[in-house]
Amino acid sequence: MPKQSSLSPADEDYTAFLSDLKTRISRAQVKAALAVNRELILLYWQIGQDILERQSRHNWGSKVIDRLAADLKTAFPDISGFSRSNLKYMRAFADAYTLDEISQRCVGQLPWRHNIALLTKLKDKEQRFWYAQKALEYGWSSDILVMQIESGLIQRQGGAITNFDRALPPDRSDLSRQLLKDPYNFEFLTLHADAQERDLERALVERIRDFLLELGVGFAFVGSQYTLEVEGDEYKLDLLFYHLKLHCYVVIDLKVTEFKPEYAGKMNFYVAAVNHILREPDRDEPTIGIILCKSKKKTLVEFALDTVQNPIGVSTYTLREQLPPDLQKCLPSAEQLGMELDAAISDLTQNEE
């Protein structure tokens with residue numbers, strides 16, 4: 001006797017309807033991400049083209065890129081896409097392609113990291129088009145694209161460019177996911193964090209900076225939103241100090257949320273990066289990191305110390321009371337930092353009212 005279906009006709013109709021809705025929503029998300037990406041890629045090409053023209057027409061030297069990067073960072077502090085290295089990529093991008101090629105070929109549909117990979121890994125334009133087409137056709141992430149280039153896929157498969165023209169990358173592909181999460185797109189739209197929360201964090205960062213300087217235990221201010229460049233990518237530290245008594249850098253990361261495990265991983269990276277880029281081993285002790293999380297429920301203060309016994313990039317997280325005595329004397333307590341944050345938030349709230 002044939003097995004009866006557990007779903008009624010109405011249930012089966014609903015399941016099919018739900019499945020169709022999920023597919024349509026996913027495709028609409030990718031279409032929206034592609035539209036943003038196309039505008040961003042076009043903007044990057046135009047910026048690169050303008051730089052090329054002005055350097056040629058007005059004999060602007062290479063220093064203009066440094067100046068542009070600094071001025072654009074001031075004008076758009078939440079967007080890291082206008083770094084010195086990225087502006088140079090924009091210039092190379094404009095030098096490599098015409099406007100028609102950006103508008104009509106696959107390179108204009110790929111995320112910026114894919115295009116950087118094509119520029120840096122390949123000299124031949126037709127090969128770039130071939131790999132760009134394959135990346136869109138098969139939904140490759142930028143890492144997979146680099147792997148395919150380095151393994152010589154074009155030599156193994158033949159490099160004929162077909163008239164393939166896919167409107168969307170494959171559903172649930174690495175490329176689709178990368179488009180939806182591309183930080184360049186999010187920063188371009190300034191959607192990566194709530195604006196009011198960012199404003200509050202900035203105000204609190206300034207308050208903590210002033211508090212530590214007034215504390216008189218050896219903190220020397222190095223910078224706010226201090227930029228570190230690691231392998232072409234920019235990372236911003238909320239606060240960077242140099243401690244004159246401890247002879248080490250101190251990184252502070254402030255969040256107006258509950259503590260999340262990824263904050264520890266981020267601080268771990270910051271501490272290792274400062275040790276690698278700024279620290280002089282003969283002069284400076286290992287960098288200290290401080291995570292401040294101020295939520296509605298409580299204030300959490302975590303100290304990160306990259307010890308000499310640990311491998312680079314591995315930090316230990318502990319309470320201040322568990323730090324060595326010489327460090328405790330020169331660092332504010334969790335209670336002090338928590339009280340200062342509470343006072344700062346209270347003052348800011350009253351000012352808004």
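The structure we're discussing is the one just above.
Residues numbered from 1 in each chain as written. Predicted model: local features only at pLDDT ≥ 70, side-chain atom pairs only at ≥ 80, totals over all residues. Heavy atoms only, no water.

A few words on a nonpolar patch on the surface. Taken together, the side chains of Tyr 14, Phe 17 and Leu 18 make up a nonpolar region of the molecular surface, amounting to roughly 310 Å² of accessible area. Here Tyr 14 is to be found in helix H1 (residues 9-57). (Patch = residues over 30% accessible without salt bridge, like charges linked within 9 Å, V, L, I, M, F, W, Y side chains within 5 Å. Areas by Shrake-Rupley, 256 points an atom, 1.4 Å probe, with all protein chains shown as cover. Salt bridge = Lys/Arg side-chain N within 4 Å of Asp/Glu carboxyl O. Helix = DSSP H or I, 4+ residues; strand = E, 2+ residues; numbered from the N terminus.)

Let us look at the environment of Gly 48. By the element assignment, Gly 48 lies in helix H1. The exposure class assigned to Gly 48 is buried, which follows from its relative accessible area of 0%. Sequence spacing of Gly 48 and Met 90 is 42 residues, and the spatial spacing of their C-alpha atoms is 4.4 Å. When near neighbours in sequence (up to four residues on either side) are disregarded, Gly 48 contacts Met 90, Arg 91 and Ala 94. (Buried < 20%, exposed > 50% of the residue type's maximum accessible area, 1.4 Å probe, protein only. Contact = heavy atoms within 4.5 Å.)

Our focus in this paragraph is the packing of aromatic side chains. Applying the stated criterion to the full structure yields 12 aromatic pairs. Geometrically, the ring pair formed by Phe 76 and Phe 82 is tilted, given 6.2 Å between the ring centres and 55° between the ring planes. Exposure remark for Phe 76: the relative accessible area of 40% places this residue in the partly exposed category. On the accessibility criterion, Phe 82 (11% relative accessible area) is buried. Judged by centre distance (5.4 Å) and plane angle (75°), the ring pair of Phe 219 and Phe 241 falls under edge-to-face. In this pair, Phe 219 sits in strand S1 (residues 219-230) while Phe 241 sits in strand S2 (residues 233-243), placing the two residues 22 residues apart along the sequence. (Phe/Tyr/Trp six-rings, centres within 6.5 Å; stacked < 30°, edge-to-face > 60°.)

Next up on the list: unusual backbone geometry. The backbone of Gln 225 sits at a positive phi, close to 55°, despite the residue not being glycine. In this structure, His 247 is a non-glycine residue whose phi angle is positive, near 55°.

The subject of this paragraph is the nonpolar core. Counting 38 residues, the largest nonpolar core has Phe 93, Tyr 97, Leu 118, Tyr 131 and Leu 145 as the members making the most contacts within it. At the level of elements, H1, helix H2 (63-75), helix H3 (84-96), helix H5 (112-121), helix H6 (125-138), helix H7 (142-150) and helix H8 (153-157) are the ones that each hand at least two residues to this core. Discounting chain neighbours no more than four positions away, the residues touching Leu 145 are His 114, Ala 117, Leu 118, Tyr 131, Ala 135 and Trp 140. Within the second largest apolar cluster, 23 residues are counted, among which are Val 205, Leu 254, Cys 330 and Leu 331. (Core = buried A, V, L, I, M, F, W, Y, C linked by side-chain atoms within 4.5 Å.)

Here 10 bridges tie S1 to S2, and the two strands are oriented antiparallel to one another. The residue of S2 that forms the bridge with Glu 229 is Glu 234. Once S1 ends, the chain turns through 2 residues before running back antiparallel as S2, passing Glu 231 with a positive phi of about 50°. (Pairing = 2+ DSSP bridges.)

The next thing to look at is H5. Counting buried positions along H5 gives 7 out of 10 residues, so the element sits mostly inside the fold. Considered for burial, the residues of H5 that qualify are Trp 112, His 114, Asn 115, Ile 116, Ala 117, Leu 118 and Leu 119.

What follows is about the packing of H5 against H6. At a minimum axis distance of 10 Å, the contact between H5 and H6 shows a crossing angle of 150°. On the basis of their axis angle, the class for H5 and H6 is roughly antiparallel. Here H5 runs over H6; the crossing is right-handed. Mapping the contact onto sequence places His 114, Leu 118 and Leu 119 in H5 and Arg 128, Tyr 131, Ala 132 and Ala 135 in H6. For the contact of H5 with H6, the per-class residue count stands at 5 nonpolar, 1 polar and 1 charged. (Axes fitted to C-alpha atoms, helices over the stretch in contact; angles between N-to-C directions. Parallel < 35°, antiparallel > 145°, perpendicular 65-115°, else oblique. Left-handed = near helix turned anticlockwise from the far one by under 90°. Nonpolar A, V, L, I, M, F, W, Y, C, P; charged D, E, K, R; others polar.)

Time to look at the side chain of Asn 115. Along the chain, Asn 115 falls in helix H5. For Asn 115, a relative accessible area of 0% translates into the label buried. Not counting the four nearest positions on each side in its chain, Asn 115 is found in contact with Ile 41, Phe 93, Val 107 and Leu 110.

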